[in-house]
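Listed below are the residues making up each chain.
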Amino acid sequence: MDQNDRFIKSKENWAKARRGGEEREVFYEGDDRLPPGQHLVETWPVLDLGQKPDIPLSEWTLTIEGAVTTPVTWTWTDFLAQPQFKDVSDFHCVTSWSRYDNEWEGVSFKQLMAVVQPLPSAKFILFQSYDDYTTNLPLDACQADDVLLTYKWNGRPLTKEHGGPVRMIVPKRYAWKGAKWIKAITFSEHDEKGFWEVRGYSNSALPWQNDRYG
Ligand SMILES: Nc1nc2c(c(=O)[nH]1)N[C@H]1C(S)=C(S)[C@@H](COP(=O)(O)O)O[C@H]1N2
Ligand SMILES: [Mo]
């Protein structure tokens, strides 16, 4: 086992030890903005499987396919040609840190859906990344106004460590639902669990429900 396998194993065991059995603890820390069991940080920690793929902008593509009327593969130029969107939101990691007021810039998920036009049968979405990470969400969750594909954080290009060139941001779910180094988005009639979802983490991942383990 290398260091990375050990990290995955320990996170998996952590979820196993905590799911079921005990009742979910829901407590508030006197601040309506901080979800239960979270603490506030001012830095921005880096969390991933350790690969941090290097994708030159000239080689970067994002494919959006599956149960859609118009599948597309965007190059970097195509991505930047989309109407641009800015939003400020809070970031909640399941390992218990939260970071407030992140300013994101990119393409809203609503815009992406206007381009590909999901079929009425499309109910779920699978996200795939350049490091072979995957995560899944119901389509409904991605229709929220604050969901976007971002390439800028606080006015600066998103660094490789944090998922640049482009990553997903889904503020109302724990941060593992936001795929860094995003490569493909597949709309589907069926739900397919992602990397952490098959390793004991919640399929829904709702911070306000303290919904961490599945
Ligand atoms: N491609 C990819 N995306 C990923 C991950 C990953 O390992 N690979 N880790 C997830 C997890 S567990 C978290 S908490 C956030 C962390 O984002 P950050 O490193 O920018 O803080 O990215 C999520 N997206
Ligand atoms: Mo995470």
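Before reading further, recall that the structure is shown in the block above.
Residues numbered from 1 in each chain as written. Chains lettered and ligands numbered in written order. Predicted model: local features only at pLDDT ≥ 70, side-chain atom pairs only at ≥ 80, totals over all residues. Heavy atoms only, no water.

1. Let's talk about empty space enclosed by the protein
If a probe the size of a water molecule is rolled over the atoms, the empty space left behind becomes visible.
Then, in step 1: Counted under the stated rule, the structure contains two cavities of 30 Å³ or more.
Then, in step 2: Put simply, the largest cavity is a space of about 300 Å³.
Then, in step 3: Looking at the largest cavity, it is lined by 23 residues, and the ones nearest its centre are L47, D48, A175, W176 and K180.
Then, in step 4: Broken down by class, the residue content of the lining of the largest cavity amounts to 15 nonpolar, three polar and five charged.
Then, in step 5: Within this model, the second largest cavity holds a volume of roughly 80 Å³.
Then, in step 6: Lining the second largest cavity are 13 residues, and of these F91, V170, P171, R173 and A175 sit closest to its centre.
Then, in step 7: Taken together, the elements giving at least two residues each to the lining of the second largest cavity come down to β4 (85-92) and β10 (167-169).
Then, in step 8: A class-by-class count of the residues in the lining of the second largest cavity yields seven nonpolar, two polar and four charged. (1 Å grid on protein atoms, 1.4 Å probe; cavity = no way out; pocket = protein on both sides within 12 Å on 5 of 7 lines; lining within 4 Å. Points joined across faces, edges and corners; volume = space filled by probe spheres on them. Nonpolar A, V, L, I, M, F, W, Y, C, P; charged D, E, K, R; others polar. Helix = DSSP H or I, 4+ residues; strand = E, 2+ residues; numbered from the N terminus.)

2. Thoughts on the environment of A179
Then, in step 1: Tracing the backbone through its elements, the reader meets A179 in the loop between β10 and β11 (182-188).
Then, in step 2: Overall, A179 belongs to the buried group, its relative accessible area being 0%.
Then, in step 3: When the C-alpha positions of A179 and S129 are compared, they lie 6.5 Å apart, and in sequence the two are 50 residues distant.
Then, in step 4: Excluding residues that lie within four positions of it along the chain, A179 makes contacts with F127, S129, T135, R167 and M168. (Buried < 20%, exposed > 50% of the residue type's maximum accessible area, 1.4 Å probe, protein only. Contact = heavy atoms within 4.5 Å.)

3. Some words on the sheet that holds strand β6 (residues 124-129)
Then, in step 1: Taken in spatial order, the five strands line up as β3-β2-β11-β6-β7 in an open sheet, and their pairing is mixed. A single partner strand is all that each edge strand has here, and the edge strands are β3 (72-75) and β7 (134-138). Within this sheet the neighbouring strands show an average axis-to-axis angle of 15°, counted without direction.
Then, in step 2: Packed on one face of the sheet, helix α3 (residues 109-116) meets β2 (61-66), β3, β6 and β11 and runs near 60° to β11. (Pairing = 2+ DSSP bridges. Axes fitted to C-alpha atoms, helices over the stretch in contact; angles between N-to-C directions.)

4. What to know about the site of ligand 1
Then, in step 1: Around ligand 1, the surrounding shell holds 22 residues, and the nearest of these are P45, L47, H162, R167 and K180.
Then, in step 2: Within the side chain of H162, a nitrogen or oxygen atom sits 2.7 Å from an oxygen atom of ligand 1.
Then, in step 3: Interatomic distance of 2.5 Å between a side-chain N/O atom of K180 and an oxygen atom of ligand 1.
Then, in step 4: Surface burial for ligand 1 is 99%, taken as the share of its 530 Å² of free accessible area covered by protein chains.
Then, in step 5: When each cavity is represented as a set of grid points, ligand 1 is found to reside in the largest cavity.
Then, in step 6: Its residues placed into classes, the shell around ligand 1 shows 14 nonpolar, three polar and five charged. (Near = heavy atom within 4 Å. Polar contact = N/O pair within 3.5 Å; in protein donor to acceptor, adjacent residues only side chain to side chain. Areas by Shrake-Rupley, 256 points an atom, 1.4 Å probe, with all protein chains shown as cover. Sits in = over half its atoms within 2 Å of the grid points.)

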